[in-house]
Amino acid sequence: MKPEEALPAARAAAAQRDAQLPAGFAIEPTERVSIAQFVEWAAIEPDPSAMRSTRPLGAPITFLKRQLLHVLRQYLRELEAQQTRFNLNVVARLAELEERVDKLEQRAGERERR
Amino acid sequence: MRVHQVLSGAGRYDAVTTQAIAFRALFTAWGWGGRDVAANIDPRVAGEIAPIATLQPAAGDLLLIHYSGYAPRLRSVLGLPNRKLLISHNITPARWFWDHDPMAAVSCALGRKQLPEFAAAVDVAAGVSLFNARELGSETVIPILFDPAQAGAPGPEDGPGPPAPPTILFVGRIAPHKRQDAVIRAFELYRRGHAPDARLVLVGRPVNDTFESAIRELAGELSPGAVTIEYGLAPQQLAERYRAAHAFLCLSEHEGFCIPLLEAFHFGVPVIARAVGGLPEVAGDAALLLGEGDDERVAAELLALVASDAQLRAQLRERGARRVAAYAPEPTARKLRTALESLGKPNRSIG
């Protein structure tokens, strides 16, 4: 078979076989981040298990890093709270503005139609 | 002549740093001086790449900016009076990262905004592919310097091919836009329909632990024991993976150039890929390119054809060798030298 003939042959075979795509984790691009998604991201929740050593035989370093997180937990909570407060307020304001723009656009459309 | 290379980021395994180091070797061979600096540096390459703050070019020195991602400190370079050549290595659209690596998404989003501003401020803007160059409104292409001699020797040309079982390979960062999830699905369909003993090898460093876990979990669910994920391989080990592969399957949704494509051609591995970005330009007629509506089912059938049709494999191998020749290091080095020498002369434009 010539390379130019392979794709049409494969398409025909795939159509004939009509197999189902296996389920499970599938990646989709985020074309436009919705306000609901912003709200979810705004309340930050860092995963402590992501704190680890990438070195070979790094288990003791991972242990120390996690202990450090534990020791600093009051300060880190304060940091998270302040950042989340800012994020949520910005998102709330953004949602208000979006709603306002929608209303203004609607009114402008009605005026044009009159 | 002195040429300083400025990188947005320098890492141990990234293609841009490898490229800058290869360019530096050329400059040294041409008797040119200069330094290589970066805005963000992985400590493992700190011996080869210096911090951007240490860049102090003399009047008449040229700056070669490798742009591959947002770096706020890079802006300071634009203010320097030296003549500048920018090479865009392409930035992945942020939409692939928001859900899986927010910081990478921010860097991509800002980088894609910053890049046109940089392209407008330099004397010459180029891309590693025409696809990249045109994103900047340029037609100047300085491709990736790919040296087959560095990649390792391919397997015997007329032999029976790699030993069974059928092995499918993909090389590239484990990242959302590379769509390893789709590769695993296509592979599983191929395994179910044609080759139950087939194996899939994914080579690439994951963007983060969470994403790696998700990909590993999917592989474990769909094709238990049949998928291997590896990274940090030495060049000889990578060459072995290519020599053992029956097909190279790339289902990336975004590629500026795709060096592994040339590596696969060099090792005589048939390539099946999605026709996106700069990939069709690099692949020419040497790869089986999937169209926009072709999903993993079509990719699986192409895998079956490639594995079973010796004539198809031989033709793809022959065409692949021609693509490697088209990207030989000598003409690329000449293009680079011409671009830089023209830039060194006042009032000369480069086409």
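Being a predicted model, the structure only gives us computed values, none of them experimental.

Chemist: Help me understand the sheet that holds strand S9 (residues 227-230) of chain B, please; the structure alone is not making it clear to me.
Modeler: Sheets are built from strands paired through backbone hydrogen bonds, the pairs being either parallel or antiparallel. All names here are of chain B. Pairing in this open sheet of 6 strands is parallel, and the strands run S9-S8-S7-S10-S11-S12 from one edge to the other. Every other strand in the sheet has two partners, leaving S9 and strand S12 (287-290) as the edge strands with one partner each. Pairwise comparison of adjacent strand axes, ignoring direction, gives a mean angle of 20° for this sheet. Inspection of the sheet shows strand S7 (residues 167-171) paired to strand S10 (residues 247-250) by 2 bridges, in the parallel sense. Bridging across to S10, Leu 169 finds its partner in Phe 248. Docked against the sheet, helix H8 (residues 235-243) engages S7, strand S8 (199-203), S9 and S10, running at close to 135° with respect to S7. The sheet contacts of helix H9 (residues 259-266) involve S7, S10, strand S11 (271-274) and S12, and relative to S11 the element is tilted by about 160°.

Chemist: Is there a simple way to explain helix H1 (residues 15-29) of chain B in this structure?
Modeler: Note: α-helices contain 3.6 residues per turn, so residues at a spacing of three or four share the same orientation. All names here are of chain B. In this model H1 runs 21 Å from its N-terminal to its C-terminal C-alpha over 15 residues, within 8% of the 21 Å that 1.5 Å per residue would give. What H1 keeps buried is the set Val 16, Thr 17, Gln 19, Ala 20, Phe 23, Arg 24, Leu 26 and Phe 27. Here the buried face of H1 lies against strand S1 (3-10), strand S2 (36-41), strand S4 (62-67), strand S5 (83-88) and helix H13 (329-344). Phi for Gly 31, located one or two positions after H1, is positive at around 80°.

Chemist: Can you help me understand the side chain of Ser 342 of chain B in this one?
Modeler: With respect to the element layout, Ser 342 of chain B can be found in helix H13. One polar contact links the side chain of Ser 342 of chain B to the main-chain carbonyl oxygen of Thr 338 of chain B, over a distance of 2.7 Å.

Chemist: I'm lost on the nonpolar core in this one. Help?
Modeler: Residues and elements named next belong to chain B. The biggest cluster of nonpolar side chains holds 123 residues, and the ones touching the most others in it are Leu 85, Leu 202 and Phe 248. Element by element, the count of residues in this core is highest for helix H11 (residues 296-308), at 8 residues. Leu 202 has contacts with Phe 170, Ile 174, Gln 180, Val 183, Ile 184, Ile 215, Val 227, Thr 228, Ile 229 and Glu 230, leaving out every residue within four places of it along the chain. Ranked by size, the runner-up nonpolar core spans 7 residues in total, among them Leu 7, Val 16, Ala 20 and Ile 49.

Chemist: Any chance you could explain the sheet that holds S4 of chain B here in plain terms?
Modeler: Residue and element names in this part refer to chain B. Spatially, the 6 strands line up as an open sheet ordered S3-S2-S1-S4-S5-S6, and their pairing is parallel. Two strands close off the open sheet at either side, each with one partner strand: strand S3 (50-51) and strand S6 (124-127). Note that S2 and S3 share 2 bridges and pair parallel. The partner of Val 37 across the bridge, within S3, is Ala 50. Sheet strands touched by H13: S1, S4, S5 and S6. Its angle to S5, the strand with the most contacts, is close to 150°.

Rules and cut-offs
Starting from 1, residues in each chain are numbered consecutively following that chain's sequence as written. Written order decides the labels, with chains lettered from A and ligands numbered from 1. Under the rules for a predicted model, residues below a pLDDT of 70 receive no local features and side-chain atom pairs below 80 are neither given nor counted, while totals for whole chains, interfaces and linings still include all residues. The basis for every side-chain value is the complete set of heavy atoms in the structure, and neither hydrogens nor water enter the calculation. We call two strands paired when DSSP finds no fewer than two bridges between them. The numbering of helices and of strands both runs from the N terminus, where a helix is a DSSP run of H or I of at least 4 residues and a strand a run of E of at least 2. To get an axis, a line is fitted to the C-alpha atoms, and for a helix only the part in contact is used. The angle between two axes follows their N-to-C directions and goes from 0 to 180 degrees. The contact definition used throughout considers only heavy atoms, calling two residues in contact when any of these lie within 4.5 Å. By this rule the span expected of a helix is its residue count minus one, scaled by 1.5 Å. Accessible area is worked out with a 1.4 Å probe on protein chains only. A residue is then buried under 20% of its type maximum, exposed over 50%, and partly exposed in between. Two N or O atoms count as a polar contact when they lie within 3.5 Å, although within protein this holds only if one can serve as hydrogen donor and the other as acceptor, and sequence-adjacent residues are included solely when both atoms are side-chain atoms. Here, nonpolar core refers to any group of buried Ala, Val, Leu, Ile, Met, Phe, Trp, Tyr and Cys residues whose side-chain atoms link them within 4.5 Å.

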